[in-house]
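Inside the fold
Each chain is listed here by its residues.
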Amino acid sequence: MGYRWATQREAQRLGVTGWVRNLANGDVEAECYGSRDSLSALLRWCSEGPSFARVDEVDQVWTVVEEMPTEFTIR
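Quick look at the structure, then. Residue positions are counted from 1 within each chain, in the order its sequence is given. Per-residue local features are limited, in this predicted model, to residues with pLDDT of at least 70; the limit for side-chain atom pairs, both in listing and counting, is 80 or more; totals at the level of whole chains, interfaces and linings are taken over all residues. Excluding hydrogens and water, the side-chain figures rest on all heavy atoms present in the structure.

A word on the environment of V16
Quick reminder of the rule: Comment: elements are numbered from the N terminus, with helices defined as DSSP H or I runs of at least four residues and strands as E runs of at least two. The contact definition used throughout considers only heavy atoms, calling two residues in contact when any of these lie within 4.5 Å.
By the secondary structure assignment, V16 is in the loop between α1 (3-14) and β1 (17-22). Sequence spacing of V16 and V58 is 42 residues, and the spatial spacing of their C-alpha atoms is 17 Å. Beyond its immediate sequence surroundings of up to four residues, V16 is in contact with A11, C32, Y33, S38, L39, L42 and F72.

Okay, structure coming up:
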């Protein structure tokens, strides 16, 4: 199970929608939508990641949006 797959699974468990993808430099990028509580829980999870992952840092930007996707996908 990879980091993106595990992130998708955790996001779905928390009711978060959006997407996650790998970047060319090896970083992982995600855009997530949901309640503040659900997003905060996902951020805490992303800071640790699944047991096999090495997470050095998590950057975040909060914004308000009009429309949210209806599912969480891997790109």
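Some details on the pattern of salt bridges
Condition: Salt bridge, as used here, is a side-chain nitrogen of Lys or Arg placed within 4 Å of a carboxyl oxygen of Asp or Glu. Burial classes: relative accessible area under 20% of the type maximum marks a residue as buried, over 50% as exposed, and values in between as partly exposed (1.4 Å probe, protein chains only).
Summed over the entire model, instances satisfying the criterion amount to 3 salt bridges. The residue E29 makes a salt bridge to R21 at a minimum N-O spacing of 2.5 Å. Residue E29 is classed as partly exposed on the basis of its relative accessible area, which comes to 29%. We note a salt bridge from R54 to D56, for which the minimum N-O separation is 2.7 Å. Judged by relative accessible area, which is 69%, R54 ranks as exposed.

Notes on the nonpolar core
Rules: In this text, buried Ala, Val, Leu, Ile, Met, Phe, Trp, Tyr and Cys residues form a nonpolar core when linked through side-chain atoms within 4.5 Å.
Grouped together as the largest cluster of nonpolar side chains are 10 residues: Y3, A6, A11, V16, V20, L39, L42, W45, C46 and F72. Of all the secondary structure elements, the ones that give two or more residues to this core are α1 and α2 (36-48). Ranked by the residues each element gives to this core, the list is headed by α2, at 4 residues.

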